Amino acid sequence: MKITPIKTIDEVKKLYKFMVDRYNQETRENVLIPFPLSETYIEMMGQVEQKEKLQFKAMIGDDIAGFITTSDKDKNGSDIYIQAIVVSIKYLKVGVGKVLLKFIEQKIKKAGYKIVKIKEREGSNVFYMKSNYVPYLYIYSPNAEVAAKVKNNLLSGMEFVDEYEKDGKYVTKIDVLGEPVCKYKKYFSSLDDSISSEYIYEKNLTKRYSFT
Ligand SMILES: CC(C)(COP(=O)(O)OP(=O)(O)OC[C@H]1O[C@@H](n2cnc3c(N)ncnc32)[C@H](O)[C@@H]1OP(=O)(O)O)[C@@H](O)C(=O)NCCC(=O)NCCS
């Protein structure tokens, strides 16, 4: 398998087609979070313009085995998001995703970032956790009063990590101790229907893990 940076508009167009075809092949019953196809295309095109490209494709012969790309949005001095990692249906579960993720993590570390984040997608949480990503529940409240209600009503098995204001929302970050459970999200929205939430998987690249 050969991994190379995604550098040209032509490559991005081919990978976009690969991603759309791949999604059309999948049955997606009960999918709550739609995959951001057009957002990923825009992010990838944006990186083509930049000097530092943190996006790579994996080829097996003439086949696209998969690709991985980061996101420019929400990037700050130490954190960066994986925008997408997509592996061909033909090459699923043979290690392509793991290799791509490891490869980009090394490049990300070299570029000076410390924390890699990935937003939750159905069916991929086991994959992230096997690569030492830790799930955190992020709760978004419209005001300080609702945020206080969140903080005062944590369930056992949850640990408060941080709270801050971002884009007009009050964000509460909760450690769910490795248990990304859907009912936790429902629980918080039942406290107040103005609350929204998501899981974000994080890996600290400066830490050593025993299972890498
Ligand atoms: C998620 C995805 C990238 C995984 O790619 P992959 O190449 O099949 O994963 P790997 O073969 O490298 O798997 C690594 C480990 O995760 C496990 N794993 C991968 N997918 C899994 C799944 N759906 N359910 C359970 N375990 C899974 C593998 O068994 C393997 O475990 P091991 O290390 O104990 O052997 C791939 O399923 C995919 O393209 N999904 C659709 C796109 C998507 O949702 N991307 C993520 C969000 S951007």
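Rules behind the numbers
- Residues numbered from 1 in each chain as written.
- Predicted model: local features only at pLDDT ≥ 70, side-chain atom pairs only at ≥ 80, totals over all residues.
- Buried ≥ 20, exposed ≤ 12 C-beta atoms within 10 Å, placed from the backbone.
- Helix = DSSP H or I, 4+ residues; strand = E, 2+ residues; numbered from the N terminus.
- Pairing = 2+ DSSP bridges.
- Right-handed = clockwise from strand over helix to strand, strands pointing away.
- Near = placed C-beta within 6 Å.
- Nonpolar A, V, L, I, M, F, W, Y, C, P; charged D, E, K, R; others polar.
- Domains from an automatic or database assignment.
- Contact = placed C-beta atoms within 7 Å.
- Axes fitted to C-alpha atoms, helices over the stretch in contact; angles between N-to-C directions.
- Parallel < 35°, antiparallel > 145°, perpendicular 65-115°, else oblique.
- Left-handed = near helix turned anticlockwise from the far one by under 90°.
- Core = buried A, V, L, I, M, F, W, Y, C linked by C-beta atoms within 7 Å.
- Expected span 1.5 Å × (residues − 1).

Student: Kindly report on the pairing of strand 5 (residues 115–119), identifying the contributing residues and their values.
Tutor: Of the two faces of strand 5, the one lined by Val116 and Ile118 is fully buried and the one lined by Ile115, Lys117 and Lys119 carries no buried residue. Inspection of the sheet shows strand 4 (residues 79–87) paired to strand 5 by 4 bridges, in the parallel sense. For Ile82, the partnering residue across the bridge sits in strand 5 and is Ile118. Viewed along the sheet, the connection from strand 4 through helix 3 (residues 96–110) into strand 5 turns out right-handed. Taken together, the 5 bridges between strand 5 and strand 9 (residues 196–204) define a ladder with antiparallel strand orientation. Counted as the bridge partner of Ile115 is Asn204 from strand 9.

Student: Could you give an account of the site of the ligand, naming the residues involved and the relevant values?
Tutor: What surrounds the ligand is a group of 17 residues, the closest being Val87, Gly97, Lys98, Arg121 and Val126. Among the secondary structure elements, those contributing two or more residues to the shell around the ligand are strand 4, helix 3 and helix 4 (125–130). The biggest single contributor to the shell around the ligand is strand 4, with 4 residues. By residue class, the composition of the shell around the ligand is 9 nonpolar, 4 polar and 4 charged.

Student: Before we move on, could you go through the domain arrangement of the protein and cite the residues and values that matter?
Tutor: According to the domain assignment, the protein contains domain 1 (2–118) and domain 2 (134–204). At the interface, 5 residues of domain 1 touch 5 residues of domain 2. Looking at the side of domain 1 that touches domain 2, its residues break down into 3 nonpolar, no polar and 2 charged.

Student: Explain the packing of helix 1 (residues 9–25) against helix 2 (residues 37–49) to me, and be specific about the residues and the numbers.
Tutor: Viewed as axis vectors pointing N to C, helix 1 and helix 2 meet at an angle of 165 degrees, and their least axial separation amounts to 10 Å. As the angle between them shows, helix 1 and helix 2 are arranged roughly antiparallel. Relative to helix 2, helix 1 is oriented so that their crossing is right-handed. Here helix 1 contributes Ile9, Val12, Leu15, Tyr16, Met19, Val20 and Tyr23 to the contact with helix 2, which in turn contributes Leu37, Thr40, Tyr41, Met44, Met45 and Val48. For the contact of helix 1 with helix 2, the class distribution of residues is 12 nonpolar, 1 polar and no charged.

Student: So what's going on with the nonpolar core? Residues and values would help.
Tutor: If you look at the biggest cluster of nonpolar residues, it comprises 38 residues, and the most contacted ones within it are Ile68, Ile85, Leu100 and Ile139. Take this core: its biggest share by element is 6 residues, from strand 4. Two domains each put at least three residues into this core: domain 1 (2–118) and domain 2 (134–204). In this view, Ile85 contacts Ile68, Gly97, Leu100 and Leu101; residues no more than four positions away in its chain are not counted.

Student: Which residues make up helix 1, and what are the values?
Tutor: In this model helix 1 runs 24 Å from its N-terminal to its C-terminal C-alpha over 17 residues, within 8% of the 24 Å that 1.5 Å per residue would give. Where helix 1 is buried, its residues touch helix 2, strand 2 (55–60), strand 3 (63–71) and strand 4.

Student: Describe the environment of Gly61, naming the residues involved and giving the relevant values.
Tutor: Along the chain, the position of Gly61 falls in the loop between strand 2 and strand 3. What makes Gly61 exposed here is the crowd of 7 C-beta atoms within 10 Å. Put simply, Gly61 and Val86 are 25 residues apart on the chain and 18 Å apart in space, counted from C-alpha to C-alpha.

Student: Any details on the sheet that holds strand 5? Residues and values, ideally.
Tutor: The 9 strands are arranged 1-2-3-4-5-9-6-8-7 in an open sheet whose pairing can be described as mixed. Of all the strands in the sheet, the pair left with one neighbour each is strand 1 (2–5) and strand 7 (159–166). Each adjacent strand pair in this sheet contributes to an overall mean axis angle of 30 degrees, direction not counted. Where strand 3 and strand 4 come together, 6 bridges link them in antiparallel fashion. Looking at the pairing, Phe67 lines up with Val86 of strand 4. Along the sheet face, helix 2 touches strand 2, strand 3 and strand 4 and points at about 80 degrees away from the line of strand 3. Packing of helix 5 (residues 144–152) onto the sheet brings it into contact with strand 6 (134–141), strand 7 and strand 8 (169–175), and relative to strand 8 it is tilted by some 10 degrees.

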